[in-house]
Amino acid sequence: MLLSDKSIKEAIKSGKIVIRPYFEDCIQPSSVDVHLDNKFLLFNKSQHAMIDVRNKQDDLMRTVEIKDDEPLMLHPGEFILASTLEWIKLPDDIAGSIEGKSSLGRLGLLIHSTAGFVDPGWEGNLTLELSNVSPLPITLYYKMKIGQISFTQMTTPVDKPYGSKGLGSHYQGQKEPVASKFYEEF
């Protein structure tokens, strides 16, 4: 069952869902608007001819940090990692789903390619997979509304929430965008 604005407010007030910072004016009918943080991971394209998913490539991405009013330019066809300003914690019986803002999607900005699902037990800032599919560069600003997270009540609490031992939860507790750890699967 998808949580309504009323249920989201109740879950936040009771501490069942934690969002920090929390802005009550960001509650939508069935979601909460989230904002863009100021750190990004960009590919070091000039240093790599390919991405080998089986091997750790420490210098595959580099961190870029922007100031309050400084834009980051996302060029056509470019893909970068970013994160939400909000730190989010979910209980073992609520899942989340992050989606882009419609107004930004109409400009060609996508905020995730595959990682839109947030498992029960998640704790941390969400990494965003930003892509520009428009023919023009798009400016990104610190603290701009970037997406919205909705919440689904599970039929029962999960047996192993995200972060449980043995699950291979690579990104639990992250505070900024984290590069892929897929190589750990091999």
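In this report, the structure presented in the accompanying data block is examined. (Residues numbered from 1 in each chain as written. Predicted model: local features only at pLDDT ≥ 70, side-chain atom pairs only at ≥ 80, totals over all residues. Heavy atoms only, no water.)

## A look at the side chain of Ser131
Locating Ser131 in the fold gives a position in strand β10 (residues 123-132). Exposure remark for Ser131: the relative accessible area of 14% places this residue in the buried category. Each residue touching Ser131, except ones within four places of it in the same chain, is listed here: Leu74, Glu78, Phe79, Gly108, Leu109 and Leu110. (Helix = DSSP H or I, 4+ residues; strand = E, 2+ residues; numbered from the N terminus. Buried < 20%, exposed > 50% of the residue type's maximum accessible area, 1.4 Å probe, protein only. Contact = heavy atoms within 4.5 Å.)

## Points about the nonpolar core
Counting residues in each nonpolar core, the largest one holds 40 residues, and the members touching the most others are Ile17, Leu36, Phe40, Leu130, Leu140, Ile146 and Phe151. Sort the elements by how many residues they give to this core and strand β6 (residues 79-89) lands first, with 4 residues. With near-sequence residues (within four places) excluded, Ile146 lies in contact with Val34, His35, Leu36, Gly100, Lys101, Leu104, Leu109, Ile111, Leu128 and Leu130. (Core = buried A, V, L, I, M, F, W, Y, C linked by side-chain atoms within 4.5 Å.)

## A short note on the packing of aromatic side chains
Evaluation of the coordinates by the stated rule reveals 3 aromatic pairs. Aromatic pair Trp122 and Tyr162: ring centres 5.4 Å apart, planes at 50°, arrangement tilted. Here Trp122 is found in the loop between β9 (117-118) and β10, whereas its partner Tyr162 is found in the segment after β12 (145-153), with 40 residues between them in sequence. Summarising the burial analysis for this pair, Trp122 and Tyr162 share the class buried. Both rings, one in Phe182 and one in Phe186, keep their centres 5.8 Å apart while their planes meet at 75°; by these two values the pair is edge-to-face. With a relative accessible area of 56%, Phe186 lands in the exposed category. (Phe/Tyr/Trp six-rings, centres within 6.5 Å; stacked < 30°, edge-to-face > 60°.)

## Some details on the environment of Phe151
Considering the arrangement of structural elements, one finds Phe151 in strand β12. Accessibility expressed as a relative area gives 0% for Phe151, which makes it buried. Spatially, the C-alpha atoms of Phe151 and Leu3 are 5.6 Å apart, while their sequence positions differ by 148 residues. Phe151 has contacts with Met1, Leu2, Leu3, Ile8, Ile17, Ile19, Val32, Leu90, Ile94, Ala95 and Gly96, leaving out every residue within four places of it along the chain.

## Considerations on helix α1 (residues 5-14)
Within the span of α1, buried status applies to Ile8, Ala11 and Ile12. Projected down its long axis, α1 shows its buried positions confined to an angular sector of 100°, all on one face. Across α1 from its buried face, at more than 90 degrees, point the exposed residues Lys6, Lys13 and Ser14. The elements touched by buried residues of α1 are β1 (18-20), β2 (32-35) and β12. At the C-terminal side of α1, Gly15 shows a positive phi close to 90°. (Arc of directions from axis to C-beta.)

## Regarding the side chain of Asn44
Relative to the elements of secondary structure, Asn44 occurs in the loop between β3 (39-43) and β4 (61-65). Since its relative accessible area comes to 12%, Asn44 is described here as buried. At 2.6 Å, the side chain of Asn44 and the backbone oxygen of Asp59 are in polar contact. Not counting the four nearest positions on each side in its chain, Asn44 is found in contact with Asp59, Leu60, Met61 and Arg62. (Polar contact = N/O pair within 3.5 Å; in protein donor to acceptor, adjacent residues only side chain to side chain.)

## So, the sheet that holds β12
On the basis of which strands lie adjacent, the open sheet formed by 4 strands has the order β2-β12-β7-β9 and antiparallel pairing. Edge positions in the open sheet fall to β2 and β9, since each of these has one partner strand only. One ladder, built from 2 bridges, connects strand β7 (residues 94-100) with β9; its direction is antiparallel. Its bridge partner lying in β9, Ser97 is registered against Phe117. (Pairing = 2+ DSSP bridges.)

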